[in-house]
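Single-letter residue listing:
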There are 2 protein chains.
Amino acid sequence: MAKDLNLKELAIKLNVSTSTISRVMNDKAGVGEETRQRVLKAIQKYNYVSNSSARSLKTSKTGNIALISAKRTDRLSSSDHHHPYGEYIESELRKHGYYTITISLKDNEMENVNNLLLLREKHVDGFIINGPAVKPKFILDLKNTGLPVILFGNELRQIEIDCVVCQDRKGSYDITKHMIEHGHKKILFLSGPEGWYTSEERKAGYIEAIKDHGFQERIINMTDTTIDKGKVVFKEVIENIHPDITAVVAVNDATAIGVMDEARILGMKIPDDIAVVGFDNIPWASLSYPPLTTVQTFIEEMGKITVSRLIDLLEKPKLHPTKSIVATSLVIRKSCGC
Amino acid sequence: MAKDLNLKELAIKLNVSTSTISRVMNDKAGVGEETRQRVLKAIQKYNYVSNSSARSLKTSKTGNIALISAKRTDRLSSSDHHHPYGEYIESELRKHGYYTITISLKDNEMENVNNLLLLREKHVDGFIINGPAVKPKFILDLKNTGLPVILFGNELRQIEIDCVVCQDRKGSYDITKHMIEHGHKKILFLSGPEGWYTSEERKAGYIEAIKDHGFQERIINMTDTTIDKGKVVFKEVIENIHPDITAVVAVNDATAIGVMDEARILGMKIPDDIAVVGFDNIPWASLSYPPLTTVQTFIEEMGKITVSRLIDLLEKPKLHPTKSIVATSLVIRKSCGC
DNA sequence: CTGTTAGCGCGTTCAT
DNA sequence: ATGAACGCGCTAACAG
């Protein structure tokens, strides 16, 4: 492999000025067709690629996007590494010429946006924020820096901000209704942290369905939405709080799987003694025992929309904040009683 | 928040030269204690951070590390998003002042290392390659560019290269021996693609254990190590190839979980009709039905070692390639018959 | 101990 | 249509 050369060296080889090559590289006008072809050929031949640091310094564009999520201490949350959302976003960003810098932040790292070195160093051009666990204050401060920010699977109550979500409320309404159609009247909703967008929306969908049928709400908020939390909380609920429930609508699949595991330990049969459903349709949902009835979210599409919108934001500074809602659909398996 | 200022602006404010500030920023000698303190205070006050592109251009260090893995088309491979290895590596790299650029490559993107724009642009300082599915030729070519490269959960037969792996062979030996101690004599090893480091090593461990006890090897290679592959291949094997086996040692947990799912569909009881064990101890292994006996790999530690070694490589150009092997340990659950 | 100067490799005026 | 010259923000070599 030949040694990499830079603009000036290539220019000397071709007997043209660096500006000419630069114009060709960036598809600018003002180059004769003949020289353009000659330059193009040489670029090909020498495999010339411009140095990204130099380009960044000059253009103030880094070509990097930060993909930020909250670091979970608990294992097995379904929103993090058990969804390939990151891979979808990365490949989509790269198609558009951007690299993905992955960052997962601990709670204390979200205290002050100024601690985000990445930002102050001007190391990225924009941000994708994943999930509801990143603190709203942090997102607001980030947004105020002026760089494009878009939320994936989250929304902000405080301000209008670009985001892409699924039909959290409708999905939850539908699956709750499905439980009701199975004949259940005493249905528990196992929610995530209060204030989390997905928790609130999915909870609202559940409430709506319950009210529509004149039943009584039973809601428990958890401090996290993981398998382990699902286990611990379900045990507490079934033994001490709502021993009469016959069905559980969980805020996500991880929680639902935890509930099922715990129910089995407690000697309950699913779905006969207790029916359980989830939300997300993570890859493992079809392999739980029994297979989990849940709500499918189309994260690959959501990822594409997120990236495409971010690109727009990058190019046109001041667009009006837009919320994109991607449809969900019910996935019927066994855990509901079907 | 005050407008960000740059080196020169700060220098003017302080009535010192830019070099003085630069020296302070980079902890260089040659600054009077008094001025150093004054500068330090100002840096604090104005929250000055140097521009990363400019720094990169000057120092030829980008502060970025590429974390490369192979994109899997099949769902549910255990080495990708179901292990939080990426998060461990990212947080560890960041502690050392580096950002993680995540890239997952399709097969055709691994054909020619020159297609890796990232590399030719000089956008990263080094590479971490994840898993055995990244093509050896690609890794070799990458290594030849001169940038530091380290392998995570993989090794190269062709050349000596820095890598960190677990005790693949010993772990596999131990768990196979465990099956033998359960009384099994006809044990199948479900291996991954031929040539993959983990496949070959784990297979070797199995063979060693089988030979040590004078039994006969039964090995099937799969083209991928996913749940879906585990299902399909197990069905084929049990019906047409080795209908007499009483135990399966799978090359990883995903495969093992697939086998268990398929076995259940075929009406077989686990572990009575067929015992199944895996490798990796992914978070979901404890929740399979029955809970999976497997080999624990300590990926958080492996991640730390990988990063720490990469940092050394970054600082000292020519160290001798080193292979780090992190111990594994048996995790006994139910699927083995215990 | 401190400041002046000269690039790093590009993109972009402004001449011609 | 092309080239010369400048500067993005920083570090480092050299002077003083």
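Cut-off values and rules
- Residues numbered from 1 in each chain as written.
- Chains lettered and ligands numbered in written order.
- Predicted model: local features only at pLDDT ≥ 70, side-chain atom pairs only at ≥ 80, totals over all residues.
- Least-squares fit on C-alpha atoms with pLDDT ≥ 70 in both.
- Contact = placed C-beta atoms within 7 Å.
- pLDDT = per-residue confidence, 0-100.
- Axes fitted to C-alpha atoms, helices over the stretch in contact; angles between N-to-C directions.
- Helix = DSSP H or I, 4+ residues; strand = E, 2+ residues; numbered from the N terminus.
- Parallel < 35°, antiparallel > 145°, perpendicular 65-115°, else oblique.
- Nonpolar A, V, L, I, M, F, W, Y, C, P; charged D, E, K, R; others polar.
- Buried ≥ 20, exposed ≤ 12 C-beta atoms within 10 Å, placed from the backbone.
- Near = placed C-beta within 6 Å.

**Some remarks on the relation of the copies chain B and chain A**
Move 1: When chain B is fitted to chain A, the residual RMSD is 0.1 Å, and the transformation amounts to a turn of 180° plus an axial shift of 0.0 Å. Considering both components of the superposition, the chain copies are consistent with a two-fold axis.
Move 2: Take the interface residues of chain B: 100% of them recur as interface residues in chain A, which is what a same-surface contact looks like.

**With respect to the confidence of the model for chain A**
Move 1: For chain A, mean pLDDT is 94; residues scoring 70 or higher make up 96% of the total.
Move 2: Segment residues 78-82 of chain A is flagged for pLDDT under 50; beyond a separation of four residues in sequence, or across chains, it makes 17 contacts in the model.

**Examining the packing of helix α1 (residues 7-14) of chain B against helix α2 (residues 18-25) of chain B**
Residue and element names in this part refer to chain B.
Move 1: Relative to each other, α1 and α2 sit at 110°, their axes nearing to 8 Å. Here α1 lies roughly perpendicular to α2, going by the angle between them. The segment α1 lies against α2, with L7, K8, L10 and A11 engaging T18, I21 and S22.
Move 2: Within the contact of α1 with α2, the residues separate by chemical class into four nonpolar, two polar and one charged.

**Focus: unusual backbone geometry**
A negative phi holds for most residues other than glycine; trans holds for most peptide bonds.
Move 1: At the junction of A:I270 and A:P271, the peptide bond is cis and its omega measures out at 10° in the coordinates.
Move 2: Summarising the element assignment, A:P271 is placed in the loop between α11 (253-265) and β9 (275-277).
Move 3: Of the consecutive residues A:Y289 and A:P290, the connecting peptide bond is found in the cis state with omega at -5°.
Move 4: Following the sequence through the fold, A:P290 ends up in the loop between β9 and β10 (294-296).
Move 5: Here A:N47, not a glycine, exhibits a phi torsion of approximately 55°, which is positive.
Move 6: Following the sequence through the fold, A:N47 ends up in the loop between α3 (33-46) and α4 (52-59).
Move 7: Given 12 C-beta atoms within 10 Å, A:N47 falls into the exposed group.
Move 8: Non-glycine residue B:D27 carries a positive phi angle of around 55°.

**Brief notes about the protein's contact with DNA strand D**
Move 1: Near DNA strand D lie 27 residues; those nearest to it are A:S17, A:G32, B:N6, B:L7 and B:S19.
Move 2: Secondary-structure elements contributing two or more residues to the surface near DNA strand D are α2 (18-25) and α4 of chain A together with α1, α2 and α4 (52-59) of chain B.
Move 3: No other element matches α4(B), which puts five residues into the surface near DNA strand D.
Move 4: Residues that form the surface near DNA strand D fall into these classes: eight nonpolar, 15 polar and four charged.

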